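Observations on chain architecture
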There are 2 protein chains.
Amino acid sequence: MQEITQYLESNRDRYLDELFEFLRIPSVSTDPDRKDDVVRAAEFVADQLRLAGIDKVEIVPTDGHPIVYGEKIQDPSKPTALVYGHYDVQPVDPIELWESGPFEPTIRDGHLYARGSADDKGQVFIHFKSAEAYHKLGKPLPVNLKYLIEGEEEIGSPHLERFIRDRQADLKADTVMISDTAMFARGVPSICCGLRGLAYFQIDVQGPSGDLHSGSFGGPVGNPAFELARILAALKDDRGRVTVPGFYDDVRELTEQEQQEFASLPFDPEEFMKETGVKALNGEQGYTPLEQFWSRPTLEVNGLLSGFTGEGAKTVLPAKAMAKVSTRLVPDQDYRKIARQVSDYARSLAPDWVDVQVSYLHGGKPWVANLDHPALKAASRAVKRGFGKRPVFQREGGTIPIVATFDELLGVPTVLMGIGLPDENAHAPNERLLLEHFYAGIQSAAYFLEEFSEA
Amino acid sequence: MQEITQYLESNRDRYLDELFEFLRIPSVSTDPDRKDDVVRAAEFVADQLRLAGIDKVEIVPTDGHPIVYGEKIQDPSKPTALVYGHYDVQPVDPIELWESGPFEPTIRDGHLYARGSADDKGQVFIHFKSAEAYHKLGKPLPVNLKYLIEGEEEIGSPHLERFIRDRQADLKADTVMISDTAMFARGVPSICCGLRGLAYFQIDVQGPSGDLHSGSFGGPVGNPAFELARILAALKDDRGRVTVPGFYDDVRELTEQEQQEFASLPFDPEEFMKETGVKALNGEQGYTPLEQFWSRPTLEVNGLLSGFTGEGAKTVLPAKAMAKVSTRLVPDQDYRKIARQVSDYARSLAPDWVDVQVSYLHGGKPWVANLDHPALKAASRAVKRGFGKRPVFQREGGTIPIVATFDELLGVPTVLMGIGLPDENAHAPNERLLLEHFYAGIQSAAYFLEEFSEA
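Every value quoted in this text rests on a predicted model; they were computed, and no experiment measured them.

As a further point, take the overall build of chain A. When helices and strands are tallied, chain A shows 15 helices and 18 strands. Since a compact globule built from 455 residues should have a radius of gyration of about 23 Å, the 23 Å found for chain A is in line with a globular shape. Residues classed as buried in chain A amount to 58% of the 455 residues present. Look at the contacts in chain A between residues 6 or more apart in sequence, and 79% of them connect residues 24 or more apart.

Structure (C-alpha cells):
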C-alpha cells in the first residue's frame, strides 16, 4: 500500500493538469447550447477510465446526455464497488460575479476555482486515480470496480432510472461509492449518512395578454407580479413553517439519540453568519440550524422574473411573472405527493383575474444510511487513513436523488464519501475545491479499495 | 384655412417618410449605450423645427440629454402657445415579443408600429407639421409658437425644471399644448383634463453575501426572494387598498358631478377584458374602473428579479432580490411625502435576517385642468373640426409630471390634446399609432392655431 500512496503523492501535478482539462469543458446539462460540450465531458470520463485500466468502457446514449459505464472484474470472489458520479455541471449565472472564468480553472490560496471543481468533477475524479494507481503499478485491484458516471445529475437524472433498470445485472455490486457531498467543515472529514429529497417547481402567473402601461391599466387589470408575490408569501407562515396542507404529515421526527448526535457536532452560529454574510439566523422555530438542514423539510424561492428589470424606471404592468420554487424533503415524505400538494395549494391561492400554472420540474427521494453496513465502516477507516482523522457521521441538506434510487432498484447501500466543503459555492459563482482535501481524497479513495476488500 | 388643410392632405406621404426617419432613431433615454442616438433624435427635432420656419432653434445641452428649444414670434399682440413634447422613448424589452423591429417602422392594418409611434414621437410630430404648412404656403402664423421638446421624459425629466427656471422669460406663453395622451377610444376624440402623479421605487433585498446552495443553507439562511415577496404582498390588502400608513390621507374624493361625468362615458367591461386579455376585473373595491384609473391612487409591481430565471431548475438560495414598484397619485397627494411613506413602511416590513433598501427613483405631481380656460375651449373646437366630432373631456391614469411643473413654474394652463389610443402599447412591445388619428391630429393641430388666435 505504501507504494500506492507514494505513487499518488508523486503524480499530483499530472492529476491537476488532467482535472483542469476536465473542468475546462463547459458541460452545463441544463443548457441545450452546451449539448456537444456535455458529450465531450463524457468522452473525457471514458478516456480517464481507460487510462485507469478499466477494461470495459462504454458511452451509452440516452434521450438526453450520455451515461459513461465501465467495469473491471478483478476477482469475482471479491466484493464489488460501483462508483457513481456526474460529469455535468450547474449553470454559471450570474456570470458577472465570478472572479475568474467558470471554465478557466484557477488556483488561489490553495483552492481550485472552477464550475464543477466541487460538484462533481473534482470529486468523482479521485475514484479514477485510485484505480489508475493500481493499474500503472501493475498491481491487481483489491476489489472489483464498476463505474456509472452520468451527465444529467443537475437536471434530475431523467434517464438514469431507465438505464439502471435495463442494466440491473451489470450493476450488481456490494456498495455504491459516491463522492458528491461536503465535509462538515475544513479539516473535519465526514461520511454523509442522510440526504434530503426535493420537489422543484416553476410557478407562472399570467395577467393581461401583453405588457401594459401601469398608469393607464393598473388597478382594474390585475398585476401578475403582485399576485405572484402574494402566492409566494402565503407558502410559509411567520414561524418559518410551510403552509401547504399536509406538507408535514409524513415527516419522521428525529430520535433523541439523533438529536444528541447533531448537538454534539461543532456548529458556531456566529462563524456561520460570518461565512454566509447574514446578520441573523432565520428558519423554522423550535429546531436548531443542523436539525433544520438535515431533518426538516423547507420551501425556498430560487428565482423571480417579471416585467422591467433593467436600470432605472419603466412603468409597465407586466403580462406575466415567474418564480422558481423548491421544497427539500425528509424521510418519509414522498416527493410525488408533495408535488401534488404544493401544486394544488399554489393554484388554490390564485384569484380570478390571473392564470396560475404550477409546473413540477423534477424531484428526488430523501434517504438515510444504515450505519452498521460494512461498506460504511470500510469507508470510515479509509477516510481516517487518508485524512489522518476519524470522520464524523453527518447528514446533508441537499439532494442526491440517485441514492434513493440505488437503494430501491439495486438494493445496494450507498457510501457518501464527499471531500467538498459547505462554503465551496457548489451552485453559485466562484465554485471551488480545497486542494488539500482533493489530495487527501485521492488517498482515501485508494485506501477504500483496500479496506473494502477486507470488509 | 382650406388651403392649409389641402396642403396637409396632399403631403401625407412625405409626413410619413419623415416620421419613419424619426422613429428609426433608437432614442432610449434610460439606456446609457443609446446616448448618441438620443442626441441624433434631438438633431432631427431641431431640423424639423427649421423646416417649419421656426426661426430660433437651439439644442440646449443638459447634464443628461439635450433639450430642443425653438420659437417664432409672429406678432407680439397675438396669443402664444408653447408646444411641449419629448423625443425620447421607452426601452424595448421584452424584445422577443415585437412582431416587427421596434425601430423598423411598419404599417399593418392602418396602424404604424414602432417604439415611440404613440409615445411621443408620432404625437409631437403633428405640431411640427401644422406650423410647417403655414410656412411653406407663405402665410403668417395665426399665433406665436414656442417649442420645448425634451429627451428625458421617460426617465422623469430630471433636467427640465432647471431649464424652465433658467428660461422663464423665454417660455412665457398663454398655454402649453401637449399631445402625449390617449383618446378615450377609437373614433372618440378627447381632451385630457386630469393626470395622476407618480412615485417610483426600487426595492432591493440582500440576504447572504453570495448565492448559496438552497439545500445546504436554506432555512437558517433567510431567502431574500421570499422576503421580498412577503414585503410586496403586504403593500396591498385583500380589497385592493394600499396599506402604507397615511397613503390615502390627502386623496381628494370625486364630486358628485365628476362621478356622473365619469359614469356617462362609455365603458364596456367585457370589451375591456377582451382587449387586455384578462378573465376578470380586479382593483380597489367600491370604485368603478374609470374612477380607479382617473381618481384613485394605486400601487403596482413593475418588475421582479432574483436568483435563477433560466430554463429548467437550479437549486440556488439567491443572495439578493429586486422589485420595481410604483404608486400612481391623485390630487392632493404629494409625491415626496408618499415616497417617504412607502420607503419607511417597506423598510419596516424587513425582518432581521435581510437588508432592505428602498430607492426612490423618480416622481411627478398629479394635476387637474380648469375646464373654462380659453385655450382648452379652442382645443376643443379644433379637435371637433379635425376629427369631425366633439371631443369628450376625460382624465388619464398615467403621469406627465411636466404638466404640474408648467402650472407651478410658469402659471400657464396646459392643454392635453392627445391622439393616441389606450391599447397602443405605449410602454410595451408592438407600440403603434392609428394612422387615421395621426392625419386627423395634424389637421387638429393646424385648426388649433387658428382657433387659439381667436380665443
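To summarise the sheet geometry, strands pair through backbone hydrogen bonds and adopt either a parallel or an antiparallel arrangement. Residue and element names in this part refer to chain A. The sheet built from three strands is open, its strands ordered 4-5-18 with antiparallel pairing. Either end of the sheet is taken by a strand with one partner, and the two such strands are strand 4 (106-108) and strand 18 (432-434). Shown here is a sheet whose adjacent strand axes are inclined to one another by a mean of 25°, direction ignored. In terms of strand pairing, strand 5 (residues 111-113) meets strand 18 through three bridges, oriented antiparallel. Each bridged residue has a counterpart across the sheet, and for His111 the counterpart in strand 18 is Leu434. The strands touched by helix 15 (residues 435-453) are strand 5 and strand 18; relative to strand 18, the strand with the most contacts, the crossing angle is about 65°.

Rotating chain B by 180° and moving it 0.0 Å along the rotation axis overlays it on chain A with an RMSD of 0.0 Å. The transformation just described matches what one would write down for a two-fold rotation axis. A shared binding surface is used by both copies, with 98% of the interface residues of chain B retained as interface residues in chain A.

Moving on to helix 13 (residues 374-387) of chain A. All names here are of chain A. For helix 13, with 14 residues, the first-to-last C-alpha span of 20 Å sits near the 20 Å given by 1.5 Å per residue. When helix 13 is considered as a whole, its buried residues turn out to be Ala375, Leu376, Ala378, Ala379, Ser380, Ala382, Val383, Gly386 and Phe387. Buried positions along helix 13 lie against strand 7 (175-178), strand 8 (190-195), strand 17 (414-416) and helix 15. Phi for Gly388, located one or two positions after helix 13, is positive at around 75°.

This next bit is on the interface of chain B and chain A. The interface is formed by 86 residues belonging to chain B together with 84 residues belonging to chain A. Broken down by secondary-structure element, the contributors of at least two residues to the side of chain B that touches chain A are strand 10 (212-213), helix 6 (214-217), helix 7 (224-233), helix 10 (289-295), strand 11 (298-307), strand 12 (316-317), strand 13 (320-329) and strand 14 (355-364) of chain B. At nine residues, the largest contribution of residues to the side of chain B that touches chain A is made by strand 11 of chain B. Partitioned by chemical class, the residues of the side of chain B that touches chain A number 36 nonpolar, 35 polar and 15 charged.

Residues and elements named next belong to chain A. Split into domains, chain A comes out as domain 1 (2-195 + 366-453) and domain 2 (197-253 + 294-363). Centre-to-centre, using C-alpha coordinates, domain 1 lies 34 Å away from domain 2. Between domain 1 and domain 2, the contact holds nine residues from the first and nine residues from the second.

Our focus in this paragraph is the nonpolar core. Ranked by size, the top nonpolar core spans 91 residues in total, and within it Ile203(A), Ala229(A), Leu232(A), Ile203(B), Ala229(B) and Leu232(B) carry the most contacts. Apart from the residues lying within four places of it in its own chain, the contact partners of Ala229(A) are Ala229(B), Leu232(B), Ala233(B) and Val301(B).

Residues and elements named next belong to chain A. Between helix 13 and helix 15, the shortest axis-to-axis distance is 7 Å and the interhelical angle comes to 140°. Put simply, helix 13 runs oblique to helix 15. Our pair here, helix 13 against helix 15, has a crossing hand that is right-handed. Contacts from Ala375, Ala378, Ala379, Arg381, Ala382, Val383, Arg385, Gly386 and Phe387 of helix 13 reach helix 15 at Ala440, Gly441, Gln443, Ser444, Tyr447, Phe448, Glu451 and Phe452.

A few words on the confidence of the model for chain A. Averaged over every residue, the pLDDT of chain A is 95; the share at 70 or more is 100%. Scoring the predicted complex yields pTM 0.78 and, for the interface, ipTM 0.78.

All names here are of chain B. The N-to-C vectors of helix 4 (residues 121-136) and helix 14 (residues 435-453) enclose an angle of 50°; their axes lie 8 Å apart at closest approach. Comparing the axis directions of helix 4 and helix 14 gives the class oblique. Viewed along their axes, helix 4 and helix 14 form a crossing whose handedness is right-handed. Mapping the contact onto sequence places Gly122, Ile126, His127, Lys129, Ser130 and Ala133 in helix 4 and Phe438, Gly441, Ile442, Ala445, Ala446 and Leu449 in helix 14. For the contact of helix 4 with helix 14, the residue count by class is seven nonpolar, four polar and one charged.

With that out of the way, let us pick up the sheet that holds strand 11 of chain B. Strands sit in the order 14(A)-9(A)-13(A)-11(A)-11(B)-13(B)-9(B)-14(B) across an open sheet of eight strands; the sheet is antiparallel. Two strands lie at the open edges of the sheet, namely strand 14 (355-364) of chain A together with strand 14 of chain B, each paired on one side alone. Between one strand axis and the next, the sheet turns through 25° on average, direction left out of account.

With that settled, consider the environment of Gly307(A). Along the chain, Gly307(A) falls in strand 11 (residues 298-307). As a C-alpha pair, Gly307(A) and Asn11(A) span 296 residues in sequence and 53 Å in three-dimensional space. In this structure Gly307(A) touches Ala225(A), Val316(A), Pro318(A), Asn302(B), Gly303(B), Leu304(B) and Lys324(B), once residues within four positions along its chain are discounted.

Residue and element names in this part refer to chain B. The residue after Asp93, namely Pro94, is reached through a cis peptide bond having omega -5°. Note on placement: Pro94 falls in the loop between strand 3 (80-86) and strand 4 (106-108). A cis amide bond links Asp119 to the next residue, Asp120, at an omega of 5°. Turning to its location among the elements, Asp120 is positioned in the loop between strand 5 (111-113) and helix 4. For Asp109, which is not glycine, the phi dihedral falls at a positive 55°. Mapped onto the elements, Asp109 comes out in the loop between strand 4 and strand 5. According to the C-beta neighbour criterion, Asp109 is exposed, with 8 such atoms within 10 Å.

Parameters and conventions
By convention here, each chain's residues receive numbers from 1 onward along its written sequence. For this description, chains carry letters from A and ligands carry numbers from 1, given in the order in which they are written. Per-residue local features of the predicted model are confined to residues with pLDDT of at least 70, and side-chain atom pairs are confined, for both listing and counting, to 80 or more; whole-chain, interface and lining totals are unaffected and use all residues. Secondary structure elements are taken from DSSP: a helix is a run of H or I of four residues or more, a strand is a run of E of two residues or more, and numbering for both begins at the N terminus. In this description the radius of gyration comes from C-alpha coordinates, and the expected globular size is given by 2.2 Å times residues to the power 0.38. The burial criterion counts other C-beta atoms lying within 10 Å of a residue's C-beta, which is placed from the backbone; the residue is buried at 20 or more, exposed at 12 or fewer, and partly exposed between these limits. Placing a C-beta atom from the backbone of each residue, one calls two residues in contact when those atoms lie within 7 Å. Here, a strand pair is defined by DSSP locating no fewer than two bridges between the strands. Helix axes are fitted to C-alpha atoms over the stretch in contact, other axes to C-alpha atoms as well, and angles between N-to-C directions run from 0 to 180 degrees. For the least-squares superposition of copies, only C-alpha atoms count, and only for residues with pLDDT at least 70 in both. One less than the number of residues in a helix, times 1.5 Å, gives the span that helix is expected to have. Residue polarity follows a fixed list, in which Ala, Val, Leu, Ile, Met, Phe, Trp, Tyr, Cys and Pro are nonpolar, Asp, Glu, Lys and Arg are charged, and the others, Gly among them, are polar. Segment limits for the domains were obtained from an automatic or database-derived domain assignment. We call a set of buried Ala, Val, Leu, Ile, Met, Phe, Trp, Tyr and Cys residues a nonpolar core when their C-beta atoms link them within 7 Å. Note on angle classes: values under 35 degrees are labelled roughly parallel, values over 145 roughly antiparallel, values of 65 to 115 roughly perpendicular, and the remainder oblique. Crossing handedness: left-handed means the near helix sits turned counterclockwise from the far one by under a right angle, and right-handed means the same turn made clockwise. A residue's pLDDT is the predictor's confidence in that residue, given on a scale from 0 to 100.

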